[in-house]
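One letter stands for each residue in the lines below.
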Amino acid sequence: MKHVILGNGPAGVIAAEIIRKRAPHDQIVMIGSEDSPPYSRMAIPYLLMGNINESGTYLRKDSDHYQKLRIEQVHGKVIAVDIKAKKLELEGGQSMQFDKLLIATGSIPVQPPIPGIDLPGVHPCWTLADARAITNLAKPGSRVLQMGAGFIGCIILEALASRKVELTVVEMGDRMVPRMMTSVAGGMIKKWVEDKGVQVHTSTKVEAITKANSGLTVKLSNGKTLEVDLVISATGVRPNIAYLKSSGLEIQTGILVNEQMQTSHPDIYAAGDLTESIDFSTGERIVNAIQPNAAEQARIAAIAMTAGEVESLGALQINVLDTLGLISSSFGLWSGAQGGDHVELVDLQQYKYLRLEFLGDVLVGATCVGSTEHIGVLRGLIQGKISLGEWKEVLMADPTKAMSAYLAAGQAQSAWMN
């Protein structure tokens, strides 16, 4: 059996390793489009901070790791997939047959339609090549403008701040991390960041970027114009699936997969940021572009590709973020469920926030700022879909009693099921 894996990020590597363990004699080929060993994009901020060097971003530190596992590595860019012939076309004219295919090419940055976005000095922060360019430009005292304050943007923000630059962040939403934080929580993060010396403009767009004598001029929708040395574009990502448009696979926003990560073709699977899979909380399809989800989907796909019995429980939305020392997290239906209710605990002075979302007596979502003590328990309650009974009223009165509720209601549910 010949297993071909498109993409050599975390999902691709995990799948290759599991396939090798389960199918010792099968052929495994892993195709990566970048001229570097398999690495983690999530490690790039630590590279910018100077905490690690490039080899520190590599997913496996042993240079012989893939060779020992007989995982063939191919450097190339796939431009088409012929699902009927079970064949890939690579840039440069090369083609490759497969018996089983895993598509794990992840996300690519969204480039906003802004005049001047292609000018020198404007960079995404997505690849090792991007990191090298940013390192050369983001010197202490450099004037840097970052577009986007979402999850990825906040991680990049921390890396830039550590380089002692003069940093301005521009976010279209009315708060920071608007797709993972409530209005109060996002506003709290904004104030924290501003107190650390970062300028933040929310409800604001970059309208144009032009070349200036010493760098770039950036025009904002709030009427301000800034002179900067570097612009970082962190305005979000989208599934990297353009090369699949004529493949015949069923695609909407992402590649549609079932509970085994199987696509509309029985021998083709997908995992990670480019999948549109079932959401754990709603049962509806979502693109859940976070690394823990990619890793779990890769595990499921690899087992299914080697004739194992496995099924996804659905993609749970999990976000945990450290922004200049302030920890924030959100889980599940953090923005609330229709017909549900919630409780909210706010301490603006101490940067403490906890909000729980219920549907009936089941916790379905949570948002937390300034504390990590509840993270595991809240995730457990949501994933377990635990019926809280009278403990719901206890949590409505004091949401910090989540641990007690988990121990009591969780044990009761476990005993009932047994």
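(A) Representation of the overall build of the protein chain in the model. Helix and strand counts for the protein chain come out as 10 helices and 26 strands. When its C-alpha atoms are laid out on the principal axes, the protein chain stretches across 70 × 60 × 40 Å. The buried share of the protein chain, reckoned over its 418 residues, is 52%. In the protein chain, the share of contacts with a sequence separation of at least 24, taken over all contacts with a separation of at least 6, comes to 61%.

(B) The arrangement of the packing of helix α1 (residues 10-22) against helix α7 (residues 291-305) in detail. Between α1 and α7, the shortest axis-to-axis distance is 8 Å and the interhelical angle comes to 30 degrees. When the axes of α1 and α7 are compared, the pair comes out roughly parallel. Our pair here, α1 against α7, has a crossing hand that is right-handed. Taken together, the residues of α7 that come into contact with α1 (itself represented by Pro-10, Ala-11, Ile-14, Ala-15, Ile-18, Ile-19 and Arg-22) are Gln-291, Ala-294, Ala-295, Ala-298, Arg-299, Ala-302, Ile-303 and Met-305. Class assignment for the residues of the contact of α1 with α7 results in 12 nonpolar, one polar and two charged.

(C) Seen up close, the pairing of strand β1 (residues 2-6). β1 sits mainly inside the fold: five of its five residues count as buried. With burial as the criterion, each face of β1 is covered, one bearing Lys-2, Val-4 and Leu-6 and the other bearing His-3 and Ile-5. Examined bridge by bridge, β1 and strand β2 (residues 27-32) share five bridges and lie parallel to one another. Paired with Leu-6 across the bridge in β2 is Ile-31. As defined by bridge partners, β1 adjoins strand β7 (residues 100-103) across four bridges and the pair is classed as parallel. Paired with Ile-5 across the bridge in β7 is Leu-102.

(D) Quick peek at the sheet that holds strand β21 (residues 285-286). Taken in spatial order, the three strands line up as β18-β20-β21 in an open sheet, and their pairing is mixed. The two strands at the open ends of the sheet, each matched to only one other strand, are β18 (255-256) and β21. Direction of pairing for strand β20 (residues 275-278) relative to β21: antiparallel, over a ladder of two bridges. When the bridges of β21 are listed, Ile-278 appears paired with Arg-285.

(E) View of α7. Taking 1.5 Å of rise per residue, 15 residues should cover 21 Å, and α7 covers 21 Å from first to last C-alpha, within 8% of that figure. Taken as a whole, α7 has its buried residues at Asn-293, Ala-294, Gln-297, Ala-298, Ile-300, Ala-301, Ala-302, Ile-303, Ala-304 and Met-305. Turning to α7, the residues buried within the fold contact β1, α1, β7, β19 (268-270) and β20.

(F) Representation of the side chain of Arg-175 within the structure. Among the structural elements, Arg-175 can be located in the loop between β11 (166-170) and α6 (183-195). A distance of 2.7 Å separates a polar side-chain atom of Arg-175 from the backbone oxygen of Met-181.

(G) Looking closely at the sheet that holds strand β15 (residues 225-228). Taken together, three strands build an open sheet; the order of strands is β13-β14-β15 and the sheet is antiparallel. Two strands lie at the open edges of the sheet, namely β13 (206-211) and β15, each paired on one side alone. Adjacent strand axes in the sheet meet at a mean angle of 20 degrees, parallel and antiparallel pairs treated alike. As judged from the four bridges shared by strand β14 (residues 216-220) and β15, these two strands associate in the antiparallel manner.

(H) How the structure looks around α6. Taking 1.5 Å as the rise per residue, α6 with 13 residues should run 18 Å; its terminal C-alpha atoms sit 18 Å apart, in good agreement. Residues of α6 that are buried include every one of Ala-185, Gly-186, Met-188, Ile-189, Trp-192 and Val-193, and no others. Down the axis of α6, the sector holding all buried residues measures 155 degrees, keeping them to one side. Just past α6, the residue Gly-197 takes up positive phi, approximately 100 degrees.

(I) The state of the cysteines, seen in detail. This model, assessed by the stated rule, comprises zero disulfides. Of all cysteine sulfurs in the structure, the one in Cys-125 sits closest to Cys-154, which takes part in no disulfide; the separation is 13 Å.

(J) Region of interest: unusual backbone geometry. With a phi angle near 55 degrees, Arg-70 is a residue other than glycine that sits in the positive phi range. By the secondary structure assignment, Arg-70 is in the loop between α3 (65-68) and β3 (71-75). Arg-70 sits in the partly exposed class, given a relative accessible area of 46%. The phi angle at Met-261 is positive, at roughly 70 degrees, despite the residue not being glycine. Locating Met-261 in the fold gives a position in the loop between β18 and β19.

(K) Broad picture of the side chain of Ser-36. Note that Ser-36 resides in the loop between β2 and α2 (44-49). Look at Ser-36 and you get buried, because its relative accessible area is 17%. The residues contacting Ser-36, other than those within four sequence positions of it, are Asn-8 and Leu-128.

About the criteria used
- Residues numbered from 1 in each chain as written.
- Predicted model: local features only at pLDDT ≥ 70, side-chain atom pairs only at ≥ 80, totals over all residues.
- Heavy atoms only, no water.
- Helix = DSSP H or I, 4+ residues; strand = E, 2+ residues; numbered from the N terminus.
- Buried < 20%, exposed > 50% of the residue type's maximum accessible area, 1.4 Å probe, protein only.
- Contact = heavy atoms within 4.5 Å.
- Axes fitted to C-alpha atoms, helices over the stretch in contact; angles between N-to-C directions.
- Parallel < 35°, antiparallel > 145°, perpendicular 65-115°, else oblique.
- Left-handed = near helix turned anticlockwise from the far one by under 90°.
- Nonpolar A, V, L, I, M, F, W, Y, C, P; charged D, E, K, R; others polar.
- Pairing = 2+ DSSP bridges.
- Expected span 1.5 Å × (residues − 1).
- Polar contact = N/O pair within 3.5 Å; in protein donor to acceptor, adjacent residues only side chain to side chain.
- Arc of directions from axis to C-beta.
- Disulfide = S-S within 2.5 Å.

This is a description of form; function is not addressed.
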